[in-house]
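Chain and residue survey
Here is how the chains run, residue by residue.
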Amino acid sequence: MRLEDTAVVIASSRCCTAVPSKKPPRIPSRPVHDVSSESAGGTSTAQLSGIQYSEIAQDKSVDDSFFAQHLNGCSHHTLSKVKKFPRVQQHLDTIMSTDGQEEELYYPITELLTTISETVYDALPSAVKKSLPCNAAIVFLDHHTSAPTHFPIRDVDDKPDTIGAFDLTNGFETDTKGICKGLPFHRIETIVEAKAIYGEDGKAQAARYAFQVQKARPDRPGFYCLSVKPQHFQIVYSSPVGLRISDHTPWENLDTLCSHVHSLYVPPDGHFHFLYDRTITWKETPNNPLTAPKWTVKTESATYTDTELIFLGNPWGRRTTILRAEVPGQTPVIIKEYYLDDDRRYEEGELLGHAHAEGYIPGFVRSVWAEDVMSDGRKVMVKDGSNMRRKRRITLADSGAKLEWAASVNDILMAVYDALEVHRTLVRKRAILHRDMSSYNILMYPELSSWPGCRLRDITRKTPRSLRTSWQGRPRTLMSGKLTAS
């Protein structure tokens, strides 16, 4: 068996202390870690604007079957109603005649798309309206002067030209020119990038925005955005199986534009176009929708409220996302979500269960629950051709601190030694080899679980003596160059 890009080895806090009376250092508040910004992780914004940016800009991701596979057309009645609005044709004429700066496109684009969106929303069945995150139409807002707020890890400087968001009853914050500002990431439903008549189009930049939004929103498996120029528009669909981009479409093809807007509410039928995972939802401060959200996660075994994001992975692939949940009267739990390639032979939850099947192996994380995520009675799955991924969620019982927070050299040496012992035990006793060891997958100063079934007295006798004694409260010291139990 093998364990790849999955569980965490947690080194003992007791064995990481040379002096028995010394307590481990206070662990600082856990900042969100964005693995995609590291060389060892996924694709960073810098990488996206380099290698992948050029590939997208060269139309290497254009899908000839995009309209049939990734859009859901609106009814003839709705389309006819949109075409009857005089202002719709006026906005189209303004867009197609623009030969100056891209700023000249912002107003007609936002007005055109908002008109279409409100018309589409009004025609939706009441059941569909009730299923939406907000009982309101998506409106399009000029946001080009400021970046969205409350990205879970750091400030983001990118400024999308136009943002689509569900209309707020108390309005959006605007500057003196009426331009929206400060819209938080969790409120973004779609994005539009405009470019002038000359030069490259904006699909690569739109894809970069989708990359960021999906990292900030674990509730969004799929995400649509739009690239526009006076000559044409392109639709971008982003999901864990990657990007799909439509061919250039002239503005005269209003049917396709309306289908795009309709798909923001009702994606194509089938199991593979999930815009929302309804088992995880954002929660705002009451009466203040523009603040940073907390997240509510519903599993088959429990519901966790006020969770916070602590790790963000590459949204085009496995898309690992980790949240931390405080549980009254018990130790915190870690909720790990990822999109598993359907061709993978091994699944993390099963391997964790196998690892501890004959007793607890100290130093190796334990799981409370593992499941395929079900939303609206369907498995959350994304597919493109033969590439298919399903969303998995694991509730982990143990957590700890990063190695870089070690209080002393002695602590980190003992933590690394423990990690080696744990790995040797897993290979020799349970035939499991962890193939993705990194600083992200080794933690120290653990918060040991108080959950039922996670008791320290259940330690397996197959655990090496050096680990077993230390986890039972007997600290170790370095004597004559050898690590010994006191």
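Our structure is the block above this text.
No experiment lies behind these values; they were computed from the predicted model shown. Every chain's residues receive numbers from 1 upward, in the order its sequence appears when written. Predicted model: local features are reported for residues with pLDDT of at least 70 only, side-chain atom pairs are reported and counted for 80 or more only, and whole-chain, interface and lining totals are derived from all residues. Values reported for side chains reflect all heavy atoms of the structure, with hydrogen atoms and water molecules removed beforehand.

Describing the overall build of the chain
The way it works is that DSSP assigns letters per residue, a run of H or I at least four long becomes a helix, a run of E at least two long becomes a strand, and they are numbered from the N terminus. For the chain, the helix and strand inventory stands at 11 helices and 25 strands. For the chain, the residues scored as buried account for 57% of the 486 residues in total. Sequence separation of at least 24 residues holds for 71% of the intrachain contacts in the chain that already meet a minimum separation of 6. With the model as given, the accessible surface of the chain reaches about 20900 Å², and the carbon-plus-sulfur share is 50%. The cut-offs for exposure are 20% and 50% of the maximum accessible area for each residue type, with area from a 1.4 Å probe on protein chains only; residues under the lower value are buried, those over the upper are exposed, and the others partly exposed. We call two residues in contact whenever any of their non-hydrogen atoms come within 4.5 Å of each other. For accessible areas, the Shrake-Rupley method is used with a probe of radius 1.4 Å. Any residue's cover is judged against the shown protein chains and nothing else.

Some thoughts on helix α3 (residues 76–84)
For α3, the complete set of buried residues consists of Thr78, Leu79 and Val82. Take α3 and look down its axis: the buried residues cluster within an arc of 100 degrees, on one side only. Turned more than 90 degrees off the buried face of α3, the exposed positions are His76, His77 and Lys84. If you follow the buried residues of α3, they end up packed against α4 (86–97), α5 (103–123) and α8 (254–265). Taken from the helix axis, the directions to the C-beta atoms give the arc we talk about.

Quick look at the environment of aspartate 63
Within the fold, aspartate 63 resides in the loop between α1 (45–57) and α2 (66–70). With a relative accessible area of 14%, aspartate 63 lands in the buried category. In sequence terms aspartate 63 and aspartate 247 are 184 residues apart; their C-alpha atoms lie 7.0 Å from each other.

Remarks on the pattern of salt bridges
Salt bridge, as used here: a side-chain nitrogen of Lys or Arg that lies within 4 Å of a carboxyl oxygen of Asp or Glu. Applying the stated criterion across every chain, the model contains 28 salt bridges. For arginine 278, the salt bridge goes to aspartate 376, with nearest N and O atoms at 2.8 Å. Remark: aspartate 376 occurs in the loop between β17 (374–375) and β18 (378–379) and arginine 278 occurs in the loop between α8 and β11 (280–283); sequence separation between them is 98 residues. Judged by relative accessible area, arginine 278 falls into the partly exposed class, the value being 31%. A salt bridge links aspartate 342 to arginine 390; the nearest nitrogen and oxygen atoms lie 3.0 Å apart. Taken together, the residues aspartate 342 in the loop between β15 (333–341) and α9 (348–355) and arginine 390 in strand β20 (residues 387–396) connect sequence positions 48 residues apart. Judged by its relative accessible area of 32%, aspartate 342 falls in the partly exposed class.

Observations regarding the pairing of strand β13 (residues 303–312)
The pairing of strand β12 (residues 294–298) with β13 spans 3 bridges and is antiparallel. Opposite tryptophan 295, over in β13, you have threonine 307 as the bridge partner. Strand pairing is assigned whenever DSSP identifies at least 2 bridges connecting the two strands. Pairing geometry for β13 and strand β14 (residues 321–325), over 4 bridges, is antiparallel. The residue bridging phenylalanine 311 from the neighbouring strand is isoleucine 322, located in β14.

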